[in-house]
Amino acid sequence: MTEGPPAAVKSVANPARQRDLGRENAVLRELVTVYRQLSGLALQDAGLASVAQLIADRTAATVAVVSPLMDVLAAASPGVPPGQAAELIGAAVAGPRLAQVLRASREGHRPLWLPSVGGLPPVIVAPVRVGDEVPAHLITMDPAAGPDPAEDVRLLVTEHAATICGVILGRQNVVAAAARRVRDDLVEGLLLGRGRDDGETGRWAAHLGYDASREHHVLAIAFDVPPPRPGRDPAALRQRVCDVIEHFFTTRAPDVILSVREAEVVLVTAAGAAQADGQDARRLASTCLARLAELFPETRAIIGIGGPCRDPREITRSYTEAHRTLETLRRLGRAGTVTAFADLGVHRLLLQVPDLAELRSFADDVLGALTRADQDRHADYLATLACYLRENSSPQRAARFLHVHPNTVAYRVRRIEEITGLSLDSYRDRLSSQVALEILAALGVMGDRS
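All residue numbers refer to positions counted from 1 along the written sequence of the respective chain. Confidence filtering applies because this is a predicted model: local features only for residues at pLDDT of at least 70, side-chain atom pairs given and counted only at 80 or more, and all residues used for totals across whole chains, interfaces and linings. Side-chain calculation: all heavy atoms of the structure are included, whereas hydrogens and water are not.

K.L.:
So what about the overall build of the protein? Which residues, and what values?
P.N.:
Check the secondary structure of the protein and you find 16 helices and ten strands. A 1.4 Å probe rolled over the protein chains alone gives each residue an accessible area, and that area as a share of the maximum for its type sets the label: buried under 20%, exposed over 50%, partly exposed in between. With 450 residues in all, the protein has 40% of them scored as buried. Method for areas: the Shrake-Rupley scheme with a 1.4 Å probe, in which residue coverage is limited to the protein chains shown. If you sum the accessible surface of the protein, you get close to 23,900 Å²; carbon and sulfur atoms cover 54% of it. The numbering of helices and of strands both runs from the N terminus, where a helix is a DSSP run of H or I of at least 4 residues and a strand a run of E of at least 2.

Shown next, in the form of structure tokens:
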């Protein structure tokens, strides 16, 4: 039989083993404590910031929750304000190296440890899962961390904290979805005039933050996504476009009332204090179209703006006008444009004719001979006729606008009458000419005649 180790060796080995066991027990106790505290945060209806702060305090690391687009949703670091912690994380996530790790973590649904490379501290990344989705990542960054047994603990803590963040985000999504349904129902009621009485309509509007002392406009935004292609989901693309529109307006007009309907996004936005003529809404809408064209070049969007409204009962009328403007723009094929209902003028009546060919036929009957007789001069003739009628048949005023001599205007008017057989002294012929010109302008045959 082999004898055991000498007593002197045992006396040395046992204390070393005891120290190792002591460290392991301390690590396990810390792990259990952190797990218990994290679970408590989930039960206390805490937010992402509370989770980040807890992990930062317990691990002495800089911690953040970031979106897939690298937006910092919450951040914490020992001894520094959250804003400064967000800046620390922002500097770290700016490089492509961490972006690749985030993508790998998201696709693999597992936490990953990134060692210190290129002057960057070690980083642990864990996906925050909500169902099958990964809407965020939890990142811990510890400049003092090194290769020791506590690294495994940090990995486990980060992973469990990410799970708690998923619970929090899932709960927030449920609450937000319920609030959105209620909000959409209220907006739908205002747009369609479903209030039983003025009092109910007013209460709905007040609940949505509508300020009846300010002038508002309803904007209707419609867009068409490109045809489906392999690997591209049109429904997901539509949702991304809607998300961009919502983010654009809510960040630039915080008091906007917004609803995503089946075929359009509808907004009720207040006019600026200095302007109450819809120019604020028009400028916002034009900037939004430019942003959409930049992000989704194959998507064609149009925006219609309804007339001004103050009383909540007028929201329905403004929405109807915005929607009619959309329909008019669609009939004319005016993608990528912003138009207010007031800009349509007589076009909103003319374009109620079901067949646009009928309108063009009427214009050809009145002015067609003019374009057929002299193709080289017809643009001058049409512009002169439009200006002459707009200036109440005054050759002098028309000449000033066209920058020609009054005799030139008089000559062109005579040629127009000779070619078309019209008598511009006749009220009926003047009216027919004006309607024909409006039709040509609406159909894009003539340019802007303003």
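So, next bit.
K.L.:
Outline the nonpolar core, supporting the account with residue identities and numerical values.
P.N.:
Within soluble globular proteins, side chains that are nonpolar generally end up buried alongside one another. Definition of nonpolar core: a set of buried residues of the types Ala, Val, Leu, Ile, Met, Phe, Trp, Tyr and Cys, connected through side-chain atoms within 4.5 Å. In terms of nonpolar packing, the biggest core is built from 29 residues, with L38, V51, I55 and L138 touching the most fellow members. Counting residues per element, this core draws most heavily on helix α5 (residues 150-192), at eight residues. Note on definitions: a residue-residue contact is assigned when non-hydrogen atoms from the two residues lie within 4.5 Å. Excluding residues that lie within four positions of it along the chain, I55 makes contacts with V34, L38, A60, V63, T140, V157 and A161. Listed in part, the 26 residues of the second largest apolar core include L258, V265, A285 and A340.

K.L.:
Which residues make up the pairing of strand β9 (residues 300-305), and what values do they have?
P.N.:
Each regular strand shows side chains that alternate between the opposite faces of the sheet. Of all six residues that make up β9, five are buried, and the element is covered over most of its length. Sheet analysis places strand β6 (residues 216-224) next to β9, joined by six bridges and oriented antiparallel. Bridging from a neighbouring strand, A220 pairs with G304 of β9. The pairing criterion for strands is at least two bridges between them, as found by DSSP.

K.L.:
Please set out the pattern of salt bridges residue by residue, giving values where relevant.
P.N.:
Charged atoms that come close allow side chains of opposite charge to pair. By definition here, a salt bridge exists when the distance from a side-chain nitrogen of Lys or Arg to a carboxyl oxygen of Asp or Glu is within 4 Å. Summed over the entire model, instances satisfying the criterion amount to 14 salt bridges. With a shortest N-O distance of 3.1 Å, R196 and E200 are connected by a salt bridge. On the accessibility criterion, R196 (71% relative accessible area) is exposed. Since its relative accessible area comes to 8%, E200 is described here as buried. Put simply, R261 and E264 hold a salt bridge, and the shortest N to O gap is 3.1 Å. Assessed through its relative accessible area of 5%, E264 is described here as buried.

K.L.:
Kindly report on the packing of aromatic side chains, identifying the contributing residues and their values.
P.N.:
Each Phe, Tyr or Trp ring (for Trp, its six-membered ring) is paired with any other whose centre lies within 6.5 Å, and the angle between the two planes then decides the class: stacked below 30 degrees, edge-to-face above 60, tilted in between. All chains considered together, the criterion is met by one aromatic pair. Between the aromatic rings of F248 and F249, the centroid separation amounts to 5.1 Å while the plane-to-plane angle is 80°, which identifies the pairing as edge-to-face. Judged by its relative accessible area of 0%, F249 falls in the buried class. For R390, the ring lying beneath its charged end belongs to F401, and the centroid distance is 4.9 Å. A ring is considered to have a charge above it if a Lys NZ or an Arg CZ atom is located within 6 Å of its centre and within 35 degrees of its normal.

K.L.:
Talk me through the confidence of the model for the protein; I want residue IDs and the actual numbers.
P.N.:
Of all residues in the protein, 85% attain a pLDDT of 70 or more, and the chain-wide mean is 82. By definition, pLDDT measures how confident the predictor is in each residue, and it falls between 0 and 100. Every residue in residues 273-277 scores below 50 in pLDDT, and together they form six contacts with partners more than four places removed in sequence or on other chains.

K.L.:
Any details on the sheet that holds strand β7 (residues 257-260)? Residues and values, ideally.
P.N.:
One open sheet accounts for five strands, arranged β7-β8-β6-β9-β10; its pairing is mixed. Bordering the open sheet on either side are β7 and β10 (338-340), each of which pairs with just one other strand. Each neighbouring strand pair of the sheet contributes to a mean axis angle of 15°, computed without reference to strand direction. Looking at chain direction, β6 and strand β8 (residues 265-270) are connected through six bridges and run antiparallel. Bridging from a neighbouring strand, H216 pairs with A270 of β8. The convention used is that axes are lines fitted to C-alpha atoms, helices contributing only their stretch in contact, and that angles between N-to-C directions extend from 0 to 180 degrees. Strand contacts of helix α9 (residues 315-332): β6, β8, β9 and β10, with the helix running at about 35° to β6, the strand carrying the most contacts.

K.L.:
Account for unusual backbone geometry, naming residues and giving values.
P.N.:
Residue A60 is not a glycine yet carries a positive backbone phi of 60°. As for its placement among the helices and strands, A60 is situated in the loop between α2 (48-59) and β1 (62-66). Positive phi, normally seen in glycine, also occurs at N392, with a value near 55°. Inspection of the secondary structure assignment puts N392 in the loop between α13 (378-390) and α14 (395-402). Accessibility expressed as a relative area gives 61% for N392, which makes it exposed.

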